[in-house]
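Each chain, written out:
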Amino acid sequence: MMKKHCYLALCLLLIVMQSYAQSGKADKALLIKTAAALQLAAKQYKLMRQHVPDSTLPRSTNAKDGSLMVANSTWWTSGFYPGTNWFLYEYTKDPAFKEEALKRMALIKKEQYNTHTHDLGFMMYCSFGNAWRITKDTAWKNILLTSAKSLSTRFNPTTGCIRSWDHGVWKFPVIIDNMMNLELLNWASRESGDPQYAQIARTHANTTMKHHFREDYSSFHVVDYDPGTGAVYERKTHQGAADSSAWARGQAWGLYGYTMMYRDTKDIAYLEQACHIADFILNHPHMPADGVPYWDFDAPGIPNAPRDVSAAAVTASALLELSRYTDKATAGRYWRAAEKTLHSLCSSAYLAKEGENNNFILLHSVGSLPHTSEVDVPLTYADYYFVEALLRYRQWASR
Ligand code: GLY
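Quantities reported herein were computed from a predicted structural model and do not represent experimental measurements. The residue count restarts for each chain, going from 1 along the sequence in the order it is written. With pLDDT at 70 or above as the cut-off, local features in this predicted model cover only qualifying residues; side-chain atom pairs require 80 or more to be listed or tallied, and sums for whole chains, interfaces and linings still use all residues. Excluding hydrogens and water, the side-chain values take into account all heavy atoms of the structure.

Participant: Tell me about the sheet that holds strand β6 (residues 222-225), residues and numbers included.
Facilitator: Pairing between strands requires that DSSP locate at least two bridges from one strand to the other. Only runs of H or I of at least four residues qualify as helices and only runs of E of at least two qualify as strands under DSSP, and these elements are numbered from the N terminus. The sheet built from three strands is open, its strands ordered β5-β6-β7 with antiparallel pairing. Only two strands of the sheet have a single partner each, and these edge strands are β5 (173-175) and β7 (232-236). Strand after strand, the sheet turns through a mean of 20 degrees between neighbouring axes, direction not considered. Relative to β6, β5 runs antiparallel, the two being bridged by three bridges. Within β6, the position partnered with P173 by the bridge is D224. The sheet contacts of helix α8 (residues 196-211) involve β5, β6 and β7, and relative to β6 the element is tilted by about 105 degrees. Fitting a line to C-alpha atoms yields each axis, with helices limited to the stretch in contact; the angle taken between N-to-C directions then spans 0 to 180 degrees. By the convention used here, residues are in contact when the closest approach between their heavy atoms is within 4.5 Å.

Take a look at the structure:
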């Protein structure tokens, strides 16, 4: 009898634990860690603003001498530092973060007219988009609408895609990262009432779904199209280990991009695509136990290959959102995977010590290993998506 009671109690406990995990509720220890990480982030970014020259934006650390690496407004990462300051303003309510965001946004405002890169979504939506979301100041709205117009000039109806780069020997290169820039276009249609931007975004997402993905839902980095016919010319890598490999940040951009496309369109095909990508990432035999991927899932030298914390941060933030759109069991799986990664990123293995790491928040990212550029260093976008994930976790865990 006693045994039967114990068995029933154990079953009940397991059911409660399972529904707790599936409900997306918070892990108390992680709530404490995320609060501490946000406090550290605020301290680091207060220090950072004193060290970044006025006319520049922080980018990374120079791996050779450890010095701060900065960028000008044209570099694709220029919007992340103002964006992180907006997140920290939102969290702390300290107006100094808002002032710093505004000061650096003044540097990148002119990029609204830039028609030479697909990265306008990253540059303008992560900075001015957050400014608009938080303040609803129409000045930001107008800048964003001009940015969307500039970005949409890069769309070619024959390829059904926005051209990513103007450099190199490519005919019409499109990189998986480009999925991230579509958020600006969806926003522009919602705010202006002009459907053409969202239509471009959908067409680009559909074309990418068709040509960028392999059978296992890993993605190629670059697809080069023939702009005259729209046919695929080549599938290559630029920042990955090989043309056939799964570059970790590319998988993260795809995951985040299709999750965002589902949020904005409610088209189930995007949700399914995002879930397939998530499953590829989470079930990959080379995914380390701490949820922080190697820079490429097929990197040579695993398990001694460098990790890419930026891919982990983007993936965690996307998984938190994706878990809100799926059935309970799947949601629990994605939520817990994001929790595991956040536990790791909030630990001393990946989190900087106060006043160190050129005042970036996270250590150990990889920009482009094949170019020996930004290897095992902090990156401004790792910080941005980490802070976004911390805020998302704290907001959604309590609902
Ligand atoms: N969008 C460029 C990169 O992820 O490195």
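Still more ground to cover, so stick around.
Participant: Give me the pattern of salt bridges: which residues, what numbers.
Facilitator: The term salt bridge refers to a side-chain nitrogen of Lys or Arg lying within 4 Å of a carboxyl oxygen of Asp or Glu. Per the counting criterion, the structure on display carries 19 salt bridges. Ionic contacts of the salt-bridge type, sharing partners, join the residues E183, R263, E321, E388 and R392 into one network.

Participant: Residue-level account of the layout of surface pockets, with values.
Facilitator: Both site types are read off a 1 Å grid over the protein atoms alone. A 1.4 Å probe that fits but cannot get out defines a cavity, while an open set with protein on both sides within 12 Å along at least five of seven lines defines a pocket; lining residues have an atom within 4 Å of a point. Grid points are joined across faces, edges and corners, and a volume is the space filled by probe spheres set on the points. The volume enclosed by the largest pocket comes to roughly 720 Å³. Residue lining of the largest pocket: 30 residues in total, with N130, R133, E183, E388 and R392 positioned closest to the centre. Looking at the lining of the largest pocket, the elements with two or more residues in it are α3 (80-92), α5 (120-135), α7 (182-192), α9 (248-265) and α13 (380-397). Counted by class, the lining of the largest pocket contains 14 nonpolar, four polar and twelve charged residues. Of the pockets and cavities examined, the second largest pocket occupies roughly 540 Å³. In terms of lining, the second largest pocket is formed by 27 residues, of which the most central are W75, W76, D119, W165 and H167. If you list the elements that add at least two residues to the lining of the second largest pocket, you get α5, β8 (365-368) and β9 (373-377). When its residues are assigned to classes, the lining of the second largest pocket shows eight nonpolar, 13 polar and six charged. In this classification, the charged set is Asp, Glu, Lys and Arg, the nonpolar set is Ala, Val, Leu, Ile, Met, Phe, Trp, Tyr, Cys and Pro, and all remaining amino acids, among them Gly, are polar.

Participant: So what about the site of the ligand? Which residues, and what values?
Facilitator: One heavy atom suffices: a residue is near a molecule or strand as soon as one of its heavy atoms comes within 4 Å of it. As a structural note, the neighbourhood of the ligand is formed by W76, D177, Q239, W247, R249 and W253. Here a polar contact is recorded for every N or O atom pair within 3.5 Å, except that within protein the pair must consist of a potential hydrogen donor and a potential acceptor, and residues adjacent in sequence are included only if both atoms are side-chain atoms. A distance of 2.7 Å separates a nitrogen atom of the ligand from a polar side-chain atom of D177. One nitrogen or oxygen atom from the side chain of R249 is found 2.6 Å from an oxygen atom belonging to the ligand. About the coverage of the ligand: the protein hides 93% of its 200 Å² of free accessible area. What sets the accessible areas is the Shrake-Rupley method with a 1.4 Å probe; for residues, cover comes only from the shown protein chains.

Participant: Break down helix α4 (residues 95-108) for me, with residues and values.
Facilitator: Between its first and last C-alpha, α4 extends 20 Å over 14 residues, near the 20 Å set by a 1.5 Å rise per residue. Taken together, the buried positions of α4 are occupied by F97, E100, A101, R104, M105, L107 and I108. The arc that holds every buried residue of α4, seen down its axis, measures 140 degrees, which confines them to one face. In this structure, α4 carries E99 and A106 as exposed residues pointing more than 90 degrees from its buried face. Of the surrounding secondary structure, the elements contacted by the buried residues of α4 are α2 (28-51), β1 (57-61), α3, α5 and α6 (138-152). What a helix is expected to span follows from its residue count: subtract one and scale by 1.5 Å. Throughout, exposure labels follow a simple rule: accessible area from a 1.4 Å probe, protein chains only, divided by the maximum for the residue type, with under 20% read as buried, over 50% as exposed, and the rest as partly exposed. Arc, as used here, means the arc of the directions from the helix axis to the C-beta atoms.

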